[in-house]
Every structure is written in C-alpha cells, then in structure tokens.
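Structural overview
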Amino acid sequence: MKRLEDFPRLPLGAFPTPIQRLNNISDLLGTNVYLKRDDLTGLGLGGNKTRKLEFLLADARQKGATLVFTTGGAQSNHAMLTAAAAGRAGMRAVLVLKKRGVTACVGNQLLEKLMGTQVCFVDTDDYQDIYRKMDELGKASGEVYYKIPCGGSNALGTLGYVDCAREIAHQAPRFHHIVCAEGSGGTMAGLALGAKLFLPGTRVHGMMVDTDPFDVITLALMRQAADLLEAHVTVGPEDFDLTDMCGPGYAIPSEEGNAAVRLMAEKEGIFLDPVYTGKAFAGLVRMARQGAFAPDENVLFLHSGGAGGLFALEMK
Ligand SMILES: *Cc1c(COP(=O)(O)O)cnc(C)c1O
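Remember, it's a predicted structure, so these values are computed and weren't measured experimentally.

**Topic: the overall build of the protein**
Assigned secondary structure in the protein consists of 11 helices and 10 strands. Here the C-alpha radius of gyration of the protein, 19 Å, is about what a compact globule of 316 residues would show, namely 20 Å. With respect to the three principal axes, the spread of C-alpha positions in the protein is 60 × 50 × 30 Å. A buried classification covers 57% of the 316 residues belonging to the protein. Sequence-distant contacts, at least 24 apart, represent 78% of the contacts inside the protein between residues at least 6 apart.

**Things to note about the site of the ligand**
Taken together, 16 residues form the shell around the ligand, and within it Lys49, Lys52, Ser184, Thr187 and Ser304 come nearest. Gly183 places a polar main-chain atom, nitrogen or oxygen, 2.7 Å from an oxygen atom of the ligand. Contact between the ligand and Gly185: an oxygen atom at 2.9 Å from a main-chain N or O atom of the residue. Burial of the ligand by the protein amounts to 98% of the accessible area it has alone, namely 380 Å². Secondary-structure elements contributing two or more residues to the shell around the ligand are helix H2 (49-62), strand S7 (177-182) and helix H7 (186-198). Split into classes, the residues belonging to the shell around the ligand amount to two nonpolar, 11 polar and three charged.

**So, the packing of aromatic side chains**
Each pair of aromatic rings is reported with the distance of its centres and the angle of its planes. Counting across every chain of the model gives five aromatic pairs. Judged by centre distance (5.0 Å) and plane angle (75°), the rings of Phe281 and Phe301 are edge-to-face. Here the residue Phe281 occupies a position in helix H10 (residues 277-289), and Phe301 occupies one in strand S10 (residues 298-303), the gap between them amounting to 20 residues. Phe301 shares its class with Phe281; the two are buried. The ring of Tyr276 has Lys49 sitting right over it, with the charged end atom 5.6 Å from the ring centre. The ring centre of Tyr161 lies 5.6 Å from the NZ or CZ of Arg51, which sits over that ring.

**What to know about the domain arrangement of the protein**
In terms of domain boundaries, the protein breaks down into domain 1 (4-48 + 153-310) and domain 2 (49-151). Each of domain 1 and domain 2 was reduced to a C-alpha centroid, and the two centroids are 24 Å apart. Counting from both sides, the interface comprises 36 residues of domain 1 and, opposite them, 28 residues of domain 2. For the pairing of domain 1 and domain 2, the buried interface totals around 2700 Å² over both sides, and the portion due to carbon and sulfur atoms is 61%. Considering only the side of domain 1, the residues that lose the most area to domain 2 are Leu10, Leu12 and Leu43, jointly responsible for 25% of the buried surface there. There are three salt bridges connecting domain 1 and domain 2. Ionic pairing is found between Asp38 and Arg51, a salt bridge with its closest N-O pair at 2.7 Å. Summed over the shared surface of domain 1 and domain 2, the result is 17 residue pairs in polar contact (both at pLDDT 80 or more). At the level of elements, helix H6 (155-169), H7 and helix H11 (307-310) are the ones that each hand at least two residues to the side of domain 1 that touches domain 2.

**What to know about the sheet that holds strand S4 (residues 92-98)**
Taken in spatial order, the four strands make up an open sheet running S5-S4-S3-S6, and their pairing is parallel. For this open sheet the edge positions go to strand S5 (118-122) and strand S6 (145-147), each flanked by a neighbour on one side alone. Within the sheet, the average angular offset between the axes of one strand and its neighbour, ignoring direction, is 20°. As judged from the three bridges shared by strand S3 (residues 67-70) and S6, these two strands associate in the parallel manner. By the bridge assignment for S6, Leu67 is matched with Tyr145.

**Describing the sheet that holds S7**
Spatially, S1-S2-S10-S7-S8-S9 is the arrangement adopted by the six strands of the open sheet, whose pairing is mixed. Taken across any chain shown, the strands that pair with only one partner, and hence form the sheet edges, are strand S1 (19-21) and strand S9 (241-244). For this sheet, the mean angle separating the axes of adjacent strands, direction not counted, is 25°. In this structure, strand S8 (residues 203-208) lies alongside S9, joined through four bridges in parallel fashion. Across the sheet, Gly206 pairs through a bridge with Leu242, a residue of S9. This element, H7, spans S7, S8, S9 and S10 of the sheet and lies at about 170° to S8.

**Describing the nonpolar core**
Judged by nonpolar contacts, the single largest core of 60 residues is most densely connected at Leu57, Met91, Leu159, Ile168, Leu191, Leu193 and Leu229. Put simply, the parts of the chain that give this core at least two residues each are H2, helix H3 (77-88), S4, H6, S7, H7, helix H8 (214-228) and S10. No other element matches the eight residues that H6 contributes to this core. Per-domain counts for this core show at least three residues from each of domain 1 (4-48 + 153-310) and domain 2 (49-151). Those residues in contact with Leu193 that sit more than four places away from it in its chain are Val162, Met222, Ala225, Ala226, Leu229, Val233 and Val235. Membership of the second largest hydrophobic core comes to 28 residues, among which are Val179, Ala260, Met264 and Phe301.

Conventions and cut-offs
Residues numbered from 1 in each chain as written. Predicted model: local features only at pLDDT ≥ 70, side-chain atom pairs only at ≥ 80, totals over all residues. Heavy atoms only, no water. Helix = DSSP H or I, 4+ residues; strand = E, 2+ residues; numbered from the N terminus. Rg over C-alpha atoms; globule rule 2.2 N^0.38 Å. Buried < 20%, exposed > 50% of the residue type's maximum accessible area, 1.4 Å probe, protein only. Contact = heavy atoms within 4.5 Å. Near = heavy atom within 4 Å. Polar contact = N/O pair within 3.5 Å; in protein donor to acceptor, adjacent residues only side chain to side chain. Areas by Shrake-Rupley, 256 points an atom, 1.4 Å probe, with all protein chains shown as cover. Nonpolar A, V, L, I, M, F, W, Y, C, P; charged D, E, K, R; others polar. Phe/Tyr/Trp six-rings, centres within 6.5 Å; stacked < 30°, edge-to-face > 60°. Lys NZ or Arg CZ within 6 Å of the ring centre and 35° of its normal. Domains from an automatic or database assignment. Buried area = accessible area lost by both parts, 1.4 Å probe. Salt bridge = Lys/Arg side-chain N within 4 Å of Asp/Glu carboxyl O. Pairing = 2+ DSSP bridges. Axes fitted to C-alpha atoms, helices over the stretch in contact; angles between N-to-C directions. Core = buried A, V, L, I, M, F, W, Y, C linked by side-chain atoms within 4.5 Å.

This is the structure we're talking about:
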C-alpha cells in the first residue's frame with residue numbers, strides 16, 4: 001500500500017484539528033459525545049473541504065494549472081473554500097455555480113466578493129452543462145486549467161478524509177462511532193475507508209442531506225480511493241451505515257435539523273449550519289434517543305463547517 005505522504009499535498013489548513021467532549025450534550029443524551037472540530041481547519045471560515053483541497057490543488061499545481069474551476073449551488077461552502085485555497089496557492093479560481101439557492105450578496109457569495117472571486121451562474125440542474133461551460137471558459141483563457149468536481153468528491157479528494165481517520169487514530173479517546181454529514185460523498189467515503197485502515201472497531205454513520213444514491217456513491221469513492229492507495233482491502237456496504245436526514249430537500253432547513261442547531265448553540269456555544277451539520281447532528285440525536293449508543297461508548301461527530309452559509313438562510 002502507498003502512504004498518504006506519497007501524494008503531493010499543499011499545506012492549506014491547521015492540522016490536527018482538536019477533539020472536544022461535549023459535556024452538556026453527553027449528559028443529555030446519556031452517552032459520550034465528542035466533536036471533531038473540522039470547522040476549525042484554518043482556511044476561510046473552516047470546513048471539511050480544506051482537507052480535500054490540499055490533495056486536489058497539489059495535483060493541479062503539479063499539472064501546471066494556473067486556473068481552477070469548481071461548482072456547486074450558489075451558497076456552496078466547497079466553492080468558497082476552493083476560491084480561498086486557490087488564492088493562497090497563487091492560482092485563480094473561477095466558480096461556475098448552479099443558479100440555485102440564495103444568489104444575493106450574502107453568506108458565501110459575500111465572502112467570494114471579498115476575495116474578488118469570479119463567479120459565473122449557469123441556469124441548469126445538469127452538471128454536464130456546468131463542465132461544458134468550464135471547458136469553454138478554460139479554453140478561451142489560454143491557461144492550463146483544472147476542474148474540481150462538486151464537493152471535491154473524487155478519489156483524490158477522498159484521500160483527505162482517509163487522512164482525517166488516520167489523524168483521529170492518533171487522538172484520544174478511542175471511538176466506537178463516527179457520525180458525519182453526507183452531501184457529495186467524499187467525506188463519508190474517506191472516513192469509512194480510513195476507519196477500515198486505521199480505526200478497526202469504529203463504525204461510521206453517514207447522515208444523508210441530499211437525495212442522491214449514496215450507497216452506490218460511497219462505495220464507488222471508497223473503491224477508487226483504495227485503488228489510488230493500492231490498498232488491498234475489499235470494501236462493501238457492510239462498511240458503513242446511512243440514514244436519510246434530508247427532510248424537505250437539499251439546502252432546505254428541516255425542523256429536526258434546526259432544533260439540533262439550537263441545541264448545540266444553547267448547550268455548547270458552538271454553531272452548526274442548517275444545510276449539513278445541523279441535519280447530521282439531528283441524526284446523531286435521533287440515534288441516541290433510539291438507544292443506538294451504550295452509556296460508556298464514545299461517539300465522535302464530525303463538525304464539517306458550514307459557517308459561510310449560516311447567514312444566507314432564514315431560520316425560524
Ligand atoms: C460539503 C459539506 C459537507 C458534506 O461533505 P461531502 O464530502 O460533500 O459529502 C458537510 N458539511 C459541510 C459544512 C459541507 O460544506
């Protein structure tokens with residue numbers, strides 16, 4: 001098997017991120033709940049995409065790219081962090097975003113304005129239209145350009161969360177469960193593969209915040225990342241659990257998710273977001289109330305960020 005160090009990597013974040021016990025929420029839920037603070041990754045307002053971008057932008061640089069494209073919705077945290085990372089790496093980012101969600105100059109749109117990022121909206125629901133637009137803009141620029149998929153979720157980006165699992169293996173305590181949000185799949189696939197490699201006995205639970213076929217997506221990304229690493233492991237659906245926490249739709253706040261955002265704010269003074277981490281933490285609360293965790297077990301929730309979008313959505 002290759003080592004993660006064998007892959008080129010741009011240092012963009014502040015790692016390792018801390019792990020903290022949530023004392024009040026642990027009391028409330030009757031199990032030991034810890035937070036992996038990937039909202040403090042040290043770039044932009046923090047978030048999970050920094051780990052993926054360290055691998056992706058290193059690959060872009062190695063290929064001689066000076067222009068980086070990526071995509072997502074109007075309030076994509078991933079797109080905003082890609083622009084932040086590209087700026088720090090001395091590259092130019094152009095965001096080709098779906099004209100979906102809040103396009104006004106608030107939330108991540110405001111942050112992109114502050115960075116001087118070029119944003120181009122395409123009125124489509126089909127990513128093929130988006131990637132075509134990137135090629136059109138890329139060819140017209142005359143620069144070497146590099147396309148990063150939605151959420152940075154390809155095999156290389158997934159390595160960022162394989163590495164996060166390795167990081168967790170070096171931190172205390174030992175965890176019986178890891179819970180995270182699943183939006184484009186790379187985070188969950190990386191943690192599930194990483195747990196197989198570095199955290200035997202840890203169960204990984206993905207909380208789906210969109211309606212894509214995540215069973216297929218997660219397995220495909222795990223396999224592709226394992227191939228990149230030349231890791232001789234067989235991956236299967238038994239390697240992870242999935243729970244549907246999407247509610248009324250992607251990026252539409254749910255009552256259960258909003259309640260979880262409020263719970264974390266009130267009890268711990270930490271802010272989740274209504275699109276990803278709030279819905280995912282609601283999934284953890286639901287599991288705890290259903291008795292899925294023993295009182296002496298340690299449960300790690302990945303706080304994957306999302307602060308940029310928090311101020312763009314109205315929460316009742
Ligand atoms: C993108 C994102 C996720 C989901 O990660 P994926 O790798 O896309 O599944 C979770 N939380 C936040 C805040 C995100 O921006």
